[in-house]
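Now for the letters of each chain:
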Amino acid sequence: MSLTATYLLPNGMKIPKVGFGTWQSKDGEEAYQAVKTALETGYRHIDTAAIYGNEESVGRAIKDSGIDRADLFVTTKLWDTALTTEDAAVEINESLNKLGLDYVDLYLIHWPNPISSRPHFAQRNERVWRAMEQAVRAGKIRAIGTSNFHARHLEPLLEVAEIKPVVNQIMINPTDQQEEIVAFNQAHNIFTEAYSPLGTGKILSIPELQDIAASYKKSVAQVVLRWSLQKGYLPLPKSVTPARIKENADLFDFELDENDIKTIDGFHGIAGLARNPDENSH
Ligand SMILES: NC(=O)c1ccc[n+]([C@@H]2O[C@H](COP(=O)([O-])OP(=O)(O)OC[C@H]3O[C@@H](n4cnc5c(N)ncnc54)[C@H](OP(=O)(O)O)[C@@H]3O)[C@@H](O)[C@H]2O)c1
């Protein structure tokens, strides 16, 4: 297995098993160099979002890589300020322009319940979904999905969606596996992506993990990402540090044994839990 190994999405598309995260990678040189290094290292799946403010740099790195577009999987996301079908159509076009791409592989509603649409989140999500469906039909997006959605947000969307969501991207790492959402996704043929696989860095200081990592002669980050893959998740590690970008890709020459997987499963809550999307927004 390698960085080009893929999972199958419910609509038949292939998606590389490890994605490269770009949240908090600053627009300009930082995001550009990070994505450039990731692509040179062999990552073929890049995760960005309109709100990250770095789509132009991400797009420039993709273009300069010279990699065949068909060999890349690019995801971006619709931000909370888009409340209507028209808003979403404009935002989709803006993201494509910034990325310099004719299409993205995956486009997600970033947050299910923006403060400005409460308590009418279901209507808002239906409205923006219509623009996403139109963009699929127009060839601007290959697959559509959601992020941070719980069952209560997905249920009304599934009732009205003409094109079903194929991905729900949620926070998953050893300290919060969000099992209820994963089970709902599975029951509804929605693929789960695991964001913040390193707990935005907080996982790395758990002492027991350092012991496990030492026993495999691997880093804690590699052990946690390997755990994610062995659980069948799709981790999206982020780094702007070249050595870490490479380290986080070097996951395919070892296997965690079942006891260690169980130990890692037991770290629930140690490094924080996912936020409730009905109570928080960015
Ligand atoms: N849909 C959503 O709402 C949502 C929310 C959060 C994240 N995401 C996606 O998921 C991606 C990853 O999540 P995340 O950004 O929260 O963080 P993460 O990947 O869990 O952790 C990134 C942090 O860990 C550090 N790090 C990375 N590799 C390391 C290594 N090998 N050794 C030591 N430290 C290491 C990074 O530092 P340096 O960068 O300084 O190297 C950074 O501070 C995001 O970038 C984004 O694409 C989506």
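These numbers come from a predicted model, not from an experiment.

Caption draft 1: Here's a closer look at the pairing of strand E7 (residues 141-147). Buried residues dominate E7, accounting for six of its seven residues. By the bridge criterion, five bridges tie strand E6 (residues 104-109) to E7 in an arrangement that is parallel. Among the inter-strand pairings, Val-104 is bridged to a residue of E7, identified as Ile-141. For the crossover that starts at E6, traverses helix H4 (residues 121-137) and ends in the parallel E7, the hand is right-handed. The pairing of E7 with strand E8 (residues 167-171) spans two bridges and is parallel. When the sheet's bridge partners are listed, Ser-147 is paired in E8 with Gln-169. Once the chain exits E7 it traverses helix H5 (residues 151-160) before rejoining the sheet at E8, and the crossover so formed is right-handed.

Caption draft 2: Seen up close, the environment of Val-104. Take Val-104: it is sitting in strand E6. Sequence separation between Val-104 and Gly-139 is 35 residues; the distance between their C-alpha atoms is 9.1 Å. In contact with Val-104, not counting residues within four places along its chain, are Arg-69, Val-74, Thr-76, Leu-96, Leu-99, Lys-140, Ile-141 and Arg-142.

Caption draft 3: A look at the packing of aromatic side chains. Summed over the entire model, instances satisfying the criterion amount to four aromatic pairs. A centroid spacing of 5.2 Å and a plane angle of 65° characterise the contact between Phe-20 and Tyr-43, whose relative ring orientation is edge-to-face. Taken together, the residues span a long stretch of sequence, with Phe-20 in strand E3 (residues 20-21) and Tyr-43 in the loop between helix H1 (29-41) and strand E4 (45-47) at a distance of 23 residues. We classify Phe-20 as buried; its relative accessible area is 1%. Seen from their ring centres, Trp-227 and Tyr-233 are 5.9 Å apart, and the 55° between their planes marks the pair as tilted. Judged by relative accessible area, which is 9%, Tyr-233 ranks as buried. When the ring centre of Tyr-32 is taken as reference, the NZ or CZ atom of Arg-60 above it lies at 4.3 Å. Sitting above the plane of the Phe-254 ring, Arg-226 keeps its charged end 5.9 Å from the centroid.

Caption draft 4: Seen up close, helix H2 (residues 55-65). Along H2, the positions that sit buried rather than exposed are Glu-55, Ser-57, Val-58, Gly-59, Ala-61 and Ile-62. Contact partners of the buried residues in H2: H1, E4, strand E5 (73-78) and helix H3 (85-99). Gly-66 lies just past H2 and shows a positive phi near 75°.

Caption draft 5: Structural detail: the sheet that holds E7. Read across the sheet, seven strands follow the order E3-E4-E5-E6-E7-E8-E9 without closing on themselves; strand pairing throughout is parallel. One side of each edge strand has no neighbouring strand; the edge strands of this open sheet are E3 and strand E9 (191-195). Where E5 lies against E6, four bridges are found, and the strand directions are parallel. When the bridges of E6 are listed, Thr-76 appears paired with Tyr-107.

Thresholds applied
- Residues numbered from 1 in each chain as written.
- Predicted model: local features only at pLDDT ≥ 70, side-chain atom pairs only at ≥ 80, totals over all residues.
- Heavy atoms only, no water.
- Buried < 20%, exposed > 50% of the residue type's maximum accessible area, 1.4 Å probe, protein only.
- Helix = DSSP H or I, 4+ residues; strand = E, 2+ residues; numbered from the N terminus.
- Pairing = 2+ DSSP bridges.
- Right-handed = clockwise from strand over helix to strand, strands pointing away.
- Contact = heavy atoms within 4.5 Å.
- Phe/Tyr/Trp six-rings, centres within 6.5 Å; stacked < 30°, edge-to-face > 60°.
- Lys NZ or Arg CZ within 6 Å of the ring centre and 35° of its normal.

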